[in-house]
Amino acid sequence: MPCDVIRTPGGATVFACSRGRRPPPCTVPGCDRPGVRQCDYPVPARRSGTCDRYLCAAHAVSRGPNRDLCPPHAKLEERQGKLPLGEP
Ligand SMILES: [Zn+2]
Ligand SMILES: [Zn+2]
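The following refers to the structure shown. Since this is a predicted model, take the numbers as computed values, not measurements. (Residues numbered from 1 in each chain as written. Chains lettered and ligands numbered in written order. Predicted model: local features only at pLDDT ≥ 70, side-chain atom pairs only at ≥ 80, totals over all residues. Heavy atoms only, no water.)

### Some details on the overall build of the chain
Looking only at helices and strands, one finds one helix and six strands in the chain. Along its sequence from the N terminus, the chain presents helices and strands in the succession β-β-β-β-β-β-α. Going through the 88 residues of the chain one by one, you find that 20% of them count as buried. In the chain, of all internal contacts separated by at least 6 residues, the share reaching a separation of at least 24 is 28%. Within the structure as shown, the chain displays about 6,800 Å² of accessible surface, and the carbon and sulfur contribution to it stands at 55%. (Helix = DSSP H or I, 4+ residues; strand = E, 2+ residues; numbered from the N terminus. Buried < 20%, exposed > 50% of the residue type's maximum accessible area, 1.4 Å probe, protein only. Contact = heavy atoms within 4.5 Å. Areas by Shrake-Rupley, 256 points an atom, 1.4 Å probe, with all protein chains shown as cover.)

### Examining the coordination of the zinc ion (ligand 1)
Distances from the zinc ion (ligand 1) to its protein donors, Cys-26 (SG), Cys-31 (SG), Cys-56 (SG) and His-59 (ND1), fall at 1.9 to 2.3 Å. For the zinc ion (ligand 1), the four donor atoms in the first shell make angles of 103 to 115° at the metal, so the coordination geometry reads as tetrahedral. Since its relative accessible area comes to 2%, Cys-56 is described here as buried. (Donors = N, O, S within 2.8 Å, 3.2 Å for Na, K, Ca; no water. Tetrahedral: all angles 85-135°; square planar, octahedral: opposite > 155°, others 65-115°.)

### Let's talk about the coordination of the zinc ion (ligand 2)
Ideal donor angles around a metal are set by the shape: a four-donor tetrahedron calls for 109.5 degrees, a six-donor octahedron for 90 or 180 degrees. Note on the zinc ion (ligand 2): its protein donors are Cys-39 (SG), Cys-51 (SG), Cys-70 (SG) and His-73 (ND1). The metal-donor distances range over 2.0 to 2.4 Å. With four donor atoms in place around the zinc ion (ligand 2) and angles of 101 to 124° between them, the coordination shape is tetrahedral. For the zinc ion (ligand 2), the donor residues sit on a single chain with the sequence spacing C-x11-C-x18-C-x2-H. Overall, Cys-70 belongs to the buried group, its relative accessible area being 1%. Looking at His-73, the relative accessible area reads 14%, which means it is buried.

As structure tokens, this is what we get:
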């Protein structure tokens, strides 16, 4: 886990880890905004059961009140939703 070392004016050393208030960066290549959302697309292979990719507000695709998808999964879901299953 990446941690930042912050030295206070009083001489104390504080470790600020990414679990703290600073969100990890957006996972979209070339984007360095903070990943304030996570992809909620179901991925059974993952322990959490969802994709969990970090996304900034601009890259998260909203699919309802508490549901956000990463761009590839939003596209995938769009295709699955519009085409009958099994059709190319
Ligand atoms: Zn982004
Ligand atoms: Zn995803």
